[in-house]
Amino acid sequence: MTIIAERTGVTTFRGRPVTLLGTPVSVGDKAPDFTVVANDMSPVTLDSSRGTVRIISAVPSLETPVCDQQTRRFHEAAEGIEGLQVLTVSVDLPFAQQRWCAAAGLTGVQTLSDHRDLSFGHAYGVLIKELRLLARAVFVVDAHDEVVHAEYVPAIEQHPEYDAALAVARAARR
């Protein structure tokens, strides 16, 4: 039987503390592997983007304003940066993610669903026990699969530190 780590005091949802499941990830860690689902229902793992710098943006749901803005901001900022890939992960169904991308008019946005196995949520310590959603968090993983930035946003309604993550991602490309 596998024991899943539980943490409290990391983040809140609508002002109430929530419990995060999984192992927290820290700067300097080897990025844990995961399996999520692309919009075409194919599996995607960390190895799928090996050799690139990745911003992994965890959001509760693309259908909410802050998640929408977070996804747009990271993808728009990354468009002009060669060798940088943005992966947006939520537990939204792949069909809903695909619909969001079409409605937002965004092409080339890589949205990935953790709905099936919650593999990413457990591996990165962002699964909200009470809601079965992912907590808002941002990770930057370098081309050698080392975590070079990790931010667990203290309140789900807050934006992450975009500039800090982007600065680390730019530096990791060198």
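Note: the structure precedes this text.
In this report, we go over the structure that sits alongside the text. Sequence order as written defines residue numbering, which begins from 1 separately in each chain. The predicted origin of the model limits local features to residues at a pLDDT of at least 70 and limits the giving and counting of side-chain atom pairs to 80 or more, whereas totals for whole chains, interfaces and linings rest on all residues. As a rule here, side-chain values come from all non-hydrogen atoms in the structure, and water together with hydrogens is ignored.

This part is about the overall build of the protein chain. The helix count covers DSSP runs of H or I at least four residues long, the strand count covers runs of E at least two residues long, and both are numbered beginning at the N terminus. Secondary structure assignment for the protein chain yields 4 helices and 13 strands. Atoms counted for the radius of gyration: C-alpha only. Globule rule: 2.2 Å times residue count to the power 0.38. What you see for the protein chain is a C-alpha radius of gyration of 15 Å, in line with the 16 Å of a compact globule of 174 residues. Dimensions of the protein chain, computed from C-alpha atoms along their principal axes, come out at roughly 40 × 35 × 30 Å. In this scheme, a residue with accessible area under 20% of its type's maximum is buried, one over 50% is exposed, and one in between is partly exposed, where area comes from a 1.4 Å probe on protein chains only. Of all 174 residues assigned to the protein chain, the portion counted as buried reaches 50%. The contacts of the protein chain with a sequence gap of at least 6 include a subset with a gap of at least 24, amounting to 65%. Carbon and sulfur atoms form 52% of the exposed surface of the protein chain, whose accessible area is close to 8200 Å². Residues counted as positive are Lys and Arg, residues counted as negative are Asp and Glu, and His and the chain ends are not counted. Charged side chains are reduced to one point each, which is NZ for Lys, CZ for Arg, CG for Asp and CD for Glu. Here the protein chain holds 16 positive side-chain charges and 21 negative ones, and the gap between their average locations is 2 Å. The contact rule is simple, with two residues in contact once any of their heavy atoms fall within 4.5 Å. All accessible areas in this document rest on Shrake-Rupley with a 1.4 Å probe, and a residue is counted as covered only by the protein chains that are shown.

With that out of the way, let us pick up the nonpolar core. Ranked by internal contacts, the top residues of the largest apolar core, which has 31 residues, are Ile-56, Phe-120, Tyr-124, Val-126 and Phe-139. Those elements that provide at least two residues to this core are strand E4 (20-21), strand E7 (53-58), strand E8 (84-90), helix H3 (119-124), strand E10 (127-128), strand E12 (137-141) and strand E13 (147-152). Those residues within four positions of Phe-120 in sequence are excluded, and the remaining contacts are Phe-34, Val-36, Ile-56, Ala-58, Val-89, Asp-114, Gly-125, Val-126, Leu-134 and Phe-139. Only buried Ala, Val, Leu, Ile, Met, Phe, Trp, Tyr and Cys residues count toward a nonpolar core, and they belong to the same one when joined by side-chain atoms within 4.5 Å. The next biggest cluster of nonpolar side chains, apart from the first, holds 13 residues, and it includes Val-53, Phe-74, Val-138 and Tyr-162.

Once that is clear, we can look at the sheet that holds E4. In space, the 4 strands of this open sheet follow the order E1-E4-E10-E11, with antiparallel pairing throughout. Two strands lie at the open edges of the sheet, namely strand E1 (6-7) and strand E11 (133-134), each paired on one side alone. Strand pairing follows a simple DSSP-based rule, namely that at least 2 bridges must link the two strands. Across 2 bridges, the pairing between E10 and E11 is antiparallel. Each residue of the ladder has a partner; that of Ile-128, found in E11, is Leu-133.

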